[in-house]
Amino acid sequence: MAGIINNNEAGNIPRHIAIILDGNGRWAKKRGLPRNAGHLAGSETFRNIATYCKNIGVEYLTVYAFSTENWKRSEEEVGGIMRLLDKYLREAIRDMRKKEIRMSVFGDTSRLSPELQKLIAETNEISGSIEGFQANICINYGGRAEIVRAAEQYARDLAEGRAEGKLTEERFSDYMYSAGVPDPDLLIRPGGEQRLSNFLLWQCAYSEFYFTDVLWPDFDEAELDRAIAAFNMRDRRFGGVKK
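Residues numbered from 1 in each chain as written. Predicted model: local features only at pLDDT ≥ 70, side-chain atom pairs only at ≥ 80, totals over all residues. Heavy atoms only, no water.

Section: the pattern of salt bridges
Then step 1. Applying the stated criterion across every chain yields a total of 18 salt bridges.
Then step 2. Close ionic contact of R90 with E115 constitutes a salt bridge, the shortest N to O distance being 3.2 Å. Of the two residues, R90 is situated in helix α3 (residues 75-99) and E115 in helix α4 (residues 114-127); the sequence distance between them amounts to 25 residues.
Then step 3. Overall, the relative accessible area of 42% leaves R90 in the partly exposed class.
Then step 4. In this structure, R94 and D95 form a salt bridge, with 2.9 Å as the shortest nitrogen-oxygen distance.
Then step 5. Accessibility expressed as a relative area gives 60% for R94, which makes it exposed.
Then step 6. A single network of salt bridges, built from pairs that share partners, joins E44, R47, K87 and E91. (Salt bridge = Lys/Arg side-chain N within 4 Å of Asp/Glu carboxyl O. Helix = DSSP H or I, 4+ residues; strand = E, 2+ residues; numbered from the N terminus. Buried < 20%, exposed > 50% of the residue type's maximum accessible area, 1.4 Å probe, protein only.)

Some points on the sheet that holds strand β3 (residues 102-106)
Then step 1. Pairing is parallel across the open sheet formed by 6 strands, whose spatial order is β3-β4-β2-β1-β5-β6. In this open sheet, the two strands that pair with only one neighbour each are β3 and β6 (208-211). The sheet shows a mean angle of 20° between the axes of neighbouring strands, taken without regard to direction.
Then step 2. Direction of pairing for strand β2 (residues 60-67) relative to strand β4 (residues 134-141): parallel, over a ladder of 7 bridges. (Pairing = 2+ DSSP bridges. Axes fitted to C-alpha atoms, helices over the stretch in contact; angles between N-to-C directions.)

This is the structure in structure tokens:
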């Protein structure tokens, strides 16, 4: 287990961490395994990192698990990812209350199977009775699509008299999947790439970015500690000047 972060120093811990789960396929290829073996390993890493985040005082963890573009992958790979999601949701439903973990899915769930949609609805219902740490999983998610969806919903509310007054950034944020969730303080991308890949475009306007060559299945508590240590070296001015 990692140990460079003092759990009692709450000021050092980002309130909200977002992670792009990158490198599962390459991890598997390096070992001569099918890509879905990498996704399985990556799902275990997510479980470990989510638990660690909760233990050190992170309030929100948002992960990019499956994008709107990922449907282009092979039927076998997509099917494997959906089976992993089914397995994880069933385990979450069993354990959420005991572990005091809320969970939410961000994205267009209409393309998911009816069974997955039912499981997501059940996790949402359970989350309503829990306080504390929240894990958000982005499935069939795209940042641009989210913004377009929010604009369409606002326009509909305005036309039908449900929206009044001037549109502000705060009010527009209420139309995002992440409504009610603070913007990420720290965005982490493992796997060596240095781009957002259409992830949380609206929410990450002032997030600090941390890139690492470590592939997601090899990402551990020590690597998260290093990301948080780097975060604490940043001078966050949000467009202003510190006195």
